[in-house]
Amino acid sequence: DGGITQSPKYLFRKEGQNVTLSCEQNLNHDAMYWYRQDPGQGLRLIYYSQIVNDFQKGDIAEGYSVSREKKESFPLTVTSAQKNPTAFYLCASRGGTGEDTGELFFGEGSRLTVL
Amino acid sequence: GQQLNQSPQSMFIQEGEDVSMNCTSSSIFNTWLWYKQDPGEGPVLLIALYKAGELTSNGRLTAQFGITRKDSFLNISASIPSDVGIYFCAGRPSGTYKYIFGTGTRLKVLA
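Owing to the predicted nature of the structure, the values given are computational and were not obtained by experimental measurement.

(A) Summary view of the pattern of salt bridges. Residues and elements named next belong to chain A. Considering all chains together, one arrives at 6 salt bridges over all chains under this definition. For D30, the salt bridge identified is with K71, shortest N-O distance 3.4 Å. Taken as a pair, D30 in the loop between β3 (19-25) and β4 (31-37) and K71 in the loop between β7 (64-66) and β8 (76-78) lie far apart in primary sequence, 41 residues in all. Note on D30: relative accessible area 39%, which makes it partly exposed.

(B) Structural view of the sheet that holds β3(A). Residue and element names in this part refer to chain A. What the 4 strands build is an open sheet, ordered β1-β3-β8-β7; its pairing is antiparallel. If you trace the sheet from one side to the other, it starts and ends with β1 (4-7) and β7, each paired once. Put simply, the sheet's adjacent strands are angled 20 degrees from each other on average, direction ignored.

(C) Main features of the interface of chain A and chain B. Taken residue by residue, the interface counts 28 residues in chain A and 26 residues in chain B. Here chain A meets chain B over a buried area of about 2100 Å², counting both sides, of which 51% is carbon and sulfur. On inspection of chain A and its partner chain B, the count reaches 1 salt bridge. One salt bridge connects K98(B) with D59(A), and the closest N-O pair in it is separated by 3.1 Å.

(D) A look at the packing of aromatic side chains. All names here are of chain A. This model, assessed by the stated rule, comprises 11 aromatic pairs over all chains. For the ring pair Y33 and Y48, a centre distance of 5.8 Å and an interplane angle of 10 degrees mean the geometry is stacked. Note that Y33 is positioned in strand β4 and Y48 in strand β5 (residues 43-51), a separation of 15 residues in sequence. This pair shows no difference in class: Y33 is buried, exactly as Y48 is.

(E) Quick peek at the state of the cysteines. Counted under the stated rule, the structure contains 2 disulfides over all chains. Across a sulfur-sulfur distance of 1.9 Å, C23(A) and C91(A) are joined as a disulfide pair. Sign of the S-S torsion, about -75 degrees for the bond between C23(A) and C91(A), identifies this disulfide as left-handed. Of this pair, C23(A) sits in strand β3 while C91(A) sits in strand β9 (residues 87-94); the two residues are 68 residues apart in sequence, bridging distant segments of the chain. Across the disulfide from C23(B) sits C89(B); the S-S distance is 1.8 Å. Disulfide C23(B) to C89(B): torsion about the S-S bond roughly -90 degrees, handedness left-handed. Of this pair, C23(B) sits in strand β3 (residues 19-24) while C89(B) sits in strand β9 (residues 85-93), placing them 66 residues apart in sequence.

(F) Geometry of the sheet that holds strand β1 (residues 5-7) of chain B. All names here are of chain B. Pairing within the open sheet is antiparallel, and its 5 strands lie in the order β1-β3-β8-β7-β6. Strands with a single pairing partner mark the edges of an open sheet, and in this sheet they are β1 and β6 (55-58). Taken pair by pair, the neighbouring strands of this sheet meet at an average axis angle of 15 degrees, ignoring direction. Where β1 meets β3, 3 bridges bridge the pair, whose relative direction is antiparallel. Note that in β3 the partner of N5 across the bridge is T24.

(G) Spotlight on the confidence of the model for chain B. Taken over all residues, the pLDDT of chain B has a mean of 93, while the share at 70 or more is 98%. The least confident element of chain B is strand β11 (residues 105-110) of chain B, whose mean pLDDT is 92; the most confident is strand β7 (residues 61-65) of chain B, at 98.

Conventions adopted
- Residues numbered from 1 in each chain as written.
- Chains lettered and ligands numbered in written order.
- Predicted model: local features only at pLDDT ≥ 70, side-chain atom pairs only at ≥ 80, totals over all residues.
- Heavy atoms only, no water.
- Salt bridge = Lys/Arg side-chain N within 4 Å of Asp/Glu carboxyl O.
- Helix = DSSP H or I, 4+ residues; strand = E, 2+ residues; numbered from the N terminus.
- Buried < 20%, exposed > 50% of the residue type's maximum accessible area, 1.4 Å probe, protein only.
- Pairing = 2+ DSSP bridges.
- Axes fitted to C-alpha atoms, helices over the stretch in contact; angles between N-to-C directions.
- Contact = heavy atoms within 4.5 Å.
- Buried area = accessible area lost by both parts, 1.4 Å probe.
- Phe/Tyr/Trp six-rings, centres within 6.5 Å; stacked < 30°, edge-to-face > 60°.
- Disulfide = S-S within 2.5 Å.
- pLDDT = per-residue confidence, 0-100.

Following this line, the structure appears as structure tokens:
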């Protein structure tokens with residue numbers, strides 16, 4: 001089935017440790033996104049990538065890093081510099097081409113808890 | 001970062017009633033998307049809108065792209081218990097590929 005796969009679904013981390021969240025898509029989409037969601041809140045953009053080997057910071061990029069070496073993969077690393085990393089992380093990819101199209105499709109999310 | 005103003009924040013309704021919610025922005029958007037999210041899961045796309053004034057339906061759901069390009073509306077007709085969840089709007093400002101999300105409308109349906 002086509003879609004977006006995030007792993008792991010649940011992750012526990014000790015303070016001071018880096019952790020990498022995986023996001024893989026087989027939709028052949030060029031663009032991919034990472035969002036963070038806190039309880040009772042909307043989604044806030046961390047990083048996004050329009051094409052392989054290129055990515056841009058979103059609104060809350062501090063303490064996070066990404067890479068885009070392959071079209072289907074966009075891993076997110078939560079570093080020890082992120083002060084409050086406990087959250088629900090959502091990966092998405094964008095379908096359509098051109099300025100006036102584009103639907104954002106999401107994975108099932110990864111819940112990170114810092115102990 | 002910029003967020004959309006989404007209202008209402010929450011609502012309790014009786015089964016069978018119609019529901020309306022909306023999002024507004026201070027800037028012009030090229031795209032409006034509406035999502036439903038269940039607890040612990042990723043948002044699921046309900047409706048996508050690309051042109052000012054566009055009115056699109058998906059079953060009992062109808063959404064509109066405001067003519068000013070700064071707002072959008074979602075209506076749910078004849079609500080049923082499985083409509084319970086959080087509904088988010090998302091918009092893409094003109095000239096960017098960033099998608100900005102509203103704060104969500106939490107819907108509870110009383111049988």
